[in-house]
Amino acid sequence: MCFNHISDMKTLKIAILSVLAALMICGVCTSCKKGNVISPQIYLYNFFINSDTLKADSIVLYPGDTLKYMMQLQPFYDRIESLEVETERAYVKDSIFSDEDYKELCDLTQSDRKAGKYIFKNMKDGYYLTADNYLIALKSPETELNQVSVTYRFKSTADVSGDFNPIKLKLTFVIKNRK
């Protein structure tokens, strides 16, 4: 009788493990079917002002100065769709892609460099994009704080919404007039 009880317990354990394995497989298949749920990310790094490494936490520019930094658009397992660059273009000129890269990466019928709108074409799932970014200070806004901001909105094909796709990153700096 003890032998049957042990055999029944083994059968019950195998049945439970089989059901759990089936549920896990269904969960994996369902998550694949729904797509990725990781928000895309924007990384800014390697800051330079006029070829000098930026060492301070705050960025101060003067008219004519160039702020250079690297930007990485990371879609994780998804595909890069678009990037929008919003700034006060009366105070700063922005430049992300060379003419060649712009023509190769962007849909020219939907993109507008002057407006900071980049719609990407032929991007593969999981490929990230790294680009040099240049901001040239044109003039000071002559406000109390003299602050100018550049806001990046990056969208991927990830199945997330709200503040997670497109993801938004804001870079704020100061432009001062020379005295």
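To start, this report covers the structure provided alongside it.

1. Considerations on the sheet that holds strand S10 (residues 167-175)
Then step 1. Ordered in space as S3-S10-S9-S5-S7, the five strands form an open sheet in which the pairing is mixed. Lying at the two open borders of the sheet, with one neighbouring strand each, are strand S3 (60-61) and strand S7 (117-119).
Then step 2. Bridge analysis of strand S9 (residues 147-156) against S10 gives eight bridges, and the strand direction is antiparallel. Bridge assignment links Arg153 to a residue of S10, and that residue is Lys168.

2. Section: the side chain of Asp94
Then step 1. Position of Asp94 relative to the elements: it lies in strand S6 (residues 92-95).
Then step 2. With relative accessibility at 12%, the residue Asp94 sits in the buried group.
Then step 3. At 3.2 Å, the side chain of Asp94 forms a polar contact with the side chain of Arg89.

3. Here's the deal with the packing of aromatic side chains
Then step 1. Summed over the entire model, instances satisfying the criterion amount to four aromatic pairs.
Then step 2. Plain terms: the ring middles of Phe47 and Tyr69 are 4.9 Å apart, the flat faces sit at 20 degrees to each other, and that makes the pair stacked. In this pair, Phe47 sits in strand S1 (residues 41-49) while Tyr69 sits in strand S4 (residues 66-74), placing the two residues 22 residues apart along the sequence. The same class applies to Phe47 and to Tyr69, which are both buried.
Then step 3. Where Phe97 meets Phe120, the ring centres are 6.1 Å apart and the plane angle is 85 degrees; that geometry is what we call edge-to-face. Taken together, the positions of Phe97 in the loop between S6 and helix H2 (99-105) and Phe120 in the loop between S7 and strand S8 (129-137) put the pair 23 residues apart, joining distant regions of the chain.
Then step 4. Taken together, the ring pairs in this structure connect Phe97, Tyr102, Tyr118 and Phe120 into an aromatic cluster.
Then step 5. Here the guanidinium or amino end of Arg113 rests over the ring plane of Tyr102, the centre of that ring lying 4.6 Å away.

Criteria and cut-off values
- Residues numbered from 1 in each chain as written.
- Predicted model: local features only at pLDDT ≥ 70, side-chain atom pairs only at ≥ 80, totals over all residues.
- Heavy atoms only, no water.
- Pairing = 2+ DSSP bridges.
- Helix = DSSP H or I, 4+ residues; strand = E, 2+ residues; numbered from the N terminus.
- Buried < 20%, exposed > 50% of the residue type's maximum accessible area, 1.4 Å probe, protein only.
- Polar contact = N/O pair within 3.5 Å; in protein donor to acceptor, adjacent residues only side chain to side chain.
- Phe/Tyr/Trp six-rings, centres within 6.5 Å; stacked < 30°, edge-to-face > 60°.
- Lys NZ or Arg CZ within 6 Å of the ring centre and 35° of its normal.

Shape is all these values report; function is a separate question.
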